[in-house]
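One-letter residues, chain by chain:
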Amino acid sequence: MQDSRTLKLLDPFERVFKSFGIDYKIMRKILQVKLTMDGRRVPTIFSQNAKKENKEKNNQYIKSLWIYVLFSLFLIPFVLMGDNYLFQMSLYYGIFTFFVMTSMISDFSSVLLDVRDRNILFPKPVSRKTISTAKMVHVTIYLSFLTIALTGIPLIVGLFKNGLLFFLLAVINIILINLLVVGLTALIYLSILRFFDGEKLKDLINYVQIGLSLMIMVGYQLLIRSFEFIDLTVSFLPSWWQIFIFPMWYGANMEMVLNGSFEPVYLLFSALSLLIPILSIWIYMKFTGTFEQSLQKLTYHGKAKEMKRSKAGQLLLNIICRSPEERAFFRFAGSMMKNERDFKLKAYPSLGFSIVIPFILIINTLREDFAQLSDSKSYLSIYFSLIIIPSIMILLKYSGKYKGAFIYRVAPLKSLKPLFSGTIKAFIFKLYLPVYFILSALFLFIYGSGILPDLIAVFISACLYAVICFIVLKKALPFSESFDDYNQNGNTAIIIGLMLFVALLAGLHFISTFLPYGIYLYLGICSICLVTSWSLAFNVTWEKISKG
Amino acid sequence: MENVILEINNLRKSYGPKSVLNGVSFGVKRGKIIGYIGPNGAGKSTTVKIMLGIEDDYTGQVNIFGRDISNGDIEYKRRIGYVPEIAEVYDNLTGQEYLTFVGELYGLDSSLASNKAKSLMELFGIGEVYHSRIASYSKGMRQKLLIISSLLHDPELLFFDEPINGLDANSVMIFKEIMAQLAEQGKTIFYSSHIMDVVEKISSRIILLHDGRIAADGTFDELKEQNTQGSLEQIFNQLTGFSEHKELGARFVSAVREM
């Protein structure tokens with residue numbers, strides 16, 4: 001464990017802490033341990049492509065901040081645009097709030113919701129006040145890093161462009177926003193914990209994490225394009241609902257002070273901008289005891305509702321999977337994909353991405369002429385949804401609880417065929433099919449029912465492609481390896497190679513559309529390939545399964 | 001030095017509408033090993049957690065070292081060691097880091113804590129993992145780590161909640177010996193477990209909790225006299241009013257046989 005520089009920055013305030021009756025030395029120890037542990041954790045925003053390394057000198061979190069610095073560059077235009085502060089700064093604060101809030105929920109949740117503290121620290125001779133202050137300081141440290149990363153460069157640019165007053169005002173606003181976000185997050189958790197159990201909350205956090213990852217993936221695509229849309233002739237018409245958009249409160253502050261327009265609405269916004277953060281922090285402080293009590297709930301597992309198997313689902317399953325073993329693995333893989341949070345965190349963002357990507361491509365072509373669109377063959381961009389198949393197929397062999405995989409070797413399995421085919425079917429039906437349906441529905445709406453045979457052909461190709469991926473990729477038992485061994489970069493070459501198959505399939509499809517009834521020919525060939533490859537691909541023996 | 005280390009008076013605690021402790025009272029003298037037993041959900045861990053200040057919101061009085069613990073003074077915790085039932089540790093840390101940290105929380109100098117932790121780990125046969133992350137430990141290693149972390153600061157009063165979970169037979173023997181010697185030197189041990197043979201052998205006094213009340217309190221011999229039963233296990237069954245194990249076992253097996 002090393003003494004971090006951050007803590008040294010804290011030392012001058014030793015007296016302040018002591019005057020509040022806090023045991024500074026102990027608090028420092030606790031923080032030191034916490035920061036060391038954080039250094040060994042990989043933050044969400046980073047986990048997409050980082051493999052845990054055993055070097056520890058640098059905090060992974062600090063390293064991940066460069067992504068935020070990058071994003072902050074996109075915020076610079078809002079500062080430079082002009083002097084319509086209400087509009088541009090509201091947007092600026094809005095985006096800032098979005099990042100802080102999501103990062104708060106995805107990365108700081110573990111700090112706010114650490115139940116281990118209770119069992120480890122409470123029996124020790126450390127006062128509650130010291131423990132809760134350590135928690136607060138811990139969050140504050142990270143929030144400051146994040147804030148500086150996100151706002152540092154834009155604000156310095158603003159300082160040169162708009163002057164010192166702008167800078168100071170922005171700094172105050174940002175501090176207030178941070179207070180608001182911390183208070184709000186804690187209050188949201190508090191209310192969820194009061195009414196639901198810990199599992200619900202963990203699910204919620206998981207979905208926010210997924211959302212954040214997706215936003216960032218899509219954000220890369222959109223931000224670059226968004227520069228063209230920015231137009232500064234926006235006029236402000238006050239309406240009642242704007243009261244709830246709190247970034248506007250802070251935009252109003254800027255407008256008021258810098259442009260000197262003291263309208264009553266602005267005054268109201270300004271008052272709210274000051275009062276609400278203080279109020280929410282005050283409420284949080286007031287209820288912090290209740291919060292700690294409710295945290296205990298995180299360790300309880302509430303009684304979950306029993307899931308009834310529907311008749312129709314059962315019937316469908318019997319059609320999809322013939323043998324009972326295959327059905328068992330289908331159900332097993334399905335519930336693993338649905339329940340495992342690590343898996344969802346890695347897989348779901350790319351699922352969402354694959355819905356968005358075809359549309360981004362269509363929008364690009366759409367610039368020319370909308371009427372042309374429905375006649376064009378741009379619906380083939382749906383093939384881009386296939387590119388997630390290999391990366392998720394790779395993910396299927398990992399699990400956070402990979403040790404449970406001993407069950408495969410214990411169970412009397414004659415052949416591995418139902419294991420693999422059941423799992424792949426579960427992947428296609430539970431993960432890919434929803435994406436496909438959403439895309440198909442939207443495409444049918446845009447292009448009309450004429451493309452129905454094409455869409456069916458796409459689905460068959462997707463199944464065929466999944467089998468091809470299975471054949472090419474290294475075979476391993478599903479959910480049998482630790483996510484720690486997961487290294488996306490190592491697979492990049494294979495994934496790119498596999499993507500060529502998508503291009504091939506899409507190309508053949510494209511050519512077939514020029515022949516009379518060509519699409520049916522393509523459909524037929526794909527189906528035959530699928531049936532043959534399906535019956536051959538899964539004959540894997542135990543010996544073939546690579547270990548480790 | 002006080003002779004009564006621990007005194008509980010009419011302790012009650014409930015979680016919402018569910019009451020867990022319904023008026024528990026007892027006192028414990030220095031140098032005793034108290035076996036604190038009871039069926040699942042009887043309130044054993046809750047009692048221990050209240051005494052350690054993990055749980056509050058109780059009624060009744062808890063005096064430790066002659067002082068009421070509800071007055072907000074936490075100094076008494078300095079003289080207490082605790083092995084929790086659920087092995088929660090900061091397992092991203094190495095054994096060395098964690099134990100040093102815990103020692104420092106109890107006010108030990110960091111190099112002293114580190115040296116002491118190292119030699120205790122070596123004595124307990126897990127010296128080779130001293131610098132490895134706790135996450136990589138086996139169940140038994142974790143348990144040993146917890147036992148060491150509860151003893152680093154040479155406490156006077158020890159709370160052991162299922163401390164021998166996952167330990168092998170040899171380690172259990174070492175641990176029993178450690179407890180006996182600690183008690184001989186005037187340490188008081190509060191031991192709760194489901195393993196009746198161990199409780200029977202080591203405890204100088206046994207307190208049986210049932211439905212949040214004390215169902216029996218005394219030495220093993222006293223309990224035997226009162227209940228005319230041979231082993232602690234049988235006494236336990238009798239006092240908790242459980243006699244259906246044969247029938248339940250038979251029904252379980254017949255359910256297993258169904259195909």
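Residues numbered from 1 in each chain as written. Chains lettered and ligands numbered in written order. Predicted model: local features only at pLDDT ≥ 70, side-chain atom pairs only at ≥ 80, totals over all residues.

A. Looking closely at the overall build of chain A. Scanning chain A for helices and strands turns up 23 helices and 2 strands. Taking all 548 residues of chain A together, 34% fall into the buried category. When contacts within chain A are restricted to residue pairs at least 6 apart in sequence, long-range pairs at least 24 apart make up 82% of them. (Helix = DSSP H or I, 4+ residues; strand = E, 2+ residues; numbered from the N terminus. Buried ≥ 20, exposed ≤ 12 C-beta atoms within 10 Å, placed from the backbone. Contact = placed C-beta atoms within 7 Å.)

B. Highlighting the overall build of chain B. The number of helices and strands found in chain B is 9 helices and 10 strands. In chain B, buried positions account for 39% of the 259 residues. Long-range pairs, those at least 24 residues apart, make up 66% of the contacts in chain B between residues at least 6 apart in sequence.

C. Here's a closer look at the sheet that holds strand β4 (residues 59-64) of chain B. All names here are of chain B. On the basis of which strands lie adjacent, the open sheet formed by 4 strands has the order β2-β1-β4-β5 and antiparallel pairing. Strands with a single pairing partner mark the edges of an open sheet, and in this sheet they are β2 (18-29) and β5 (67-68). Here strand β1 (residues 4-15) pairs with β2 via 9 bridges, running antiparallel. If you follow Glu7 over to β2, its bridge partner there is Gly27. (Pairing = 2+ DSSP bridges.)

D. The confidence of the model for chain A, seen in detail. Residue and element names in this part refer to chain A. A residue-level look at chain A finds 82% of positions with pLDDT of 70 or above and a mean pLDDT of 78. Mean pLDDT per element in chain A: helix α4 (residues 44-47) is the minimum at 49, and helix α21 (residues 452-472) is the maximum at 92. Across residues 46-57, where pLDDT falls below 50, the model places 12 contacts with residues more than four positions away in sequence or in other chains. Taken together, the stretch residues 226-233 has pLDDT below 50 and engages in 5 contacts with residues farther than four places along the chain or on a different chain. (pLDDT = per-residue confidence, 0-100.)

E. Structural context of the sheet that holds strand β3 (residues 33-37) of chain B. Residues and elements named next belong to chain B. Within the open sheet, the 6 strands sit side by side as β6-β7-β8-β3-β9-β10. Their pairing is mixed. Two strands in the sheet have a free side with no partner beyond their single neighbour: β6 (80-83) and β10 (213-218). Between one strand and the next, the sheet's axes are offset by a mean angle of 15°, whatever the strand orientation. Relative to strand β7 (residues 157-161), β6 runs parallel, the two sharing 4 bridges. (Axes fitted to C-alpha atoms, helices over the stretch in contact; angles between N-to-C directions.)

F. Region of interest: the interface of chain A and chain B. Opposite the 18 residues of chain A that make contact, chain B presents 20 residues. For the side of chain A that touches chain B, the secondary structure elements donating two or more residues are α3 (24-39) and α7 (116-121) of chain A. Broken down by element, the residue count for the side of chain A that touches chain B peaks at 5 residues, all from α3(A). Of the residues that constitute the side of chain A that touches chain B, the class distribution is 9 nonpolar, 3 polar and 6 charged. (Nonpolar A, V, L, I, M, F, W, Y, C, P; charged D, E, K, R; others polar.)

G. Geometry of unusual backbone geometry. All names here are of chain B. With a phi close to 45°, Asn10 is a non-glycine residue in the positive phi region. For Asn10, the location among the structural elements is in strand β1. Taking the C-beta count within 10 Å as the criterion, Asn10 has 12 such neighbours and is therefore assigned exposed. Unlike most non-glycine residues, Asp211 shows phi in positive territory, near 55°. Here Asp211 shows up in the loop between β9 (205-210) and β10.

H. A look at the packing of helix α9 (residues 164-195) of chain A against helix α12 (residues 264-286) of chain A. All names here are of chain A. Two elements in contact, α9 and α12, have axes separated by 8 Å at closest approach and are oriented at 40°. Our classification of the angle between α9 and α12 gives oblique. Crossing angle aside, the handedness with which α9 passes α12 is left-handed. From α9, Leu176, Leu179, Leu180, Gly183, Leu184, Ala186 and Leu187 reach across to α12, where they touch Ser273, Leu274, Ile276, Pro277, Ser280, Ile281, Ile283 and Tyr284. Split into classes, the residues belonging to the contact of α9 with α12 amount to 12 nonpolar, 3 polar and no charged. (Parallel < 35°, antiparallel > 145°, perpendicular 65-115°, else oblique. Left-handed = near helix turned anticlockwise from the far one by under 90°.)

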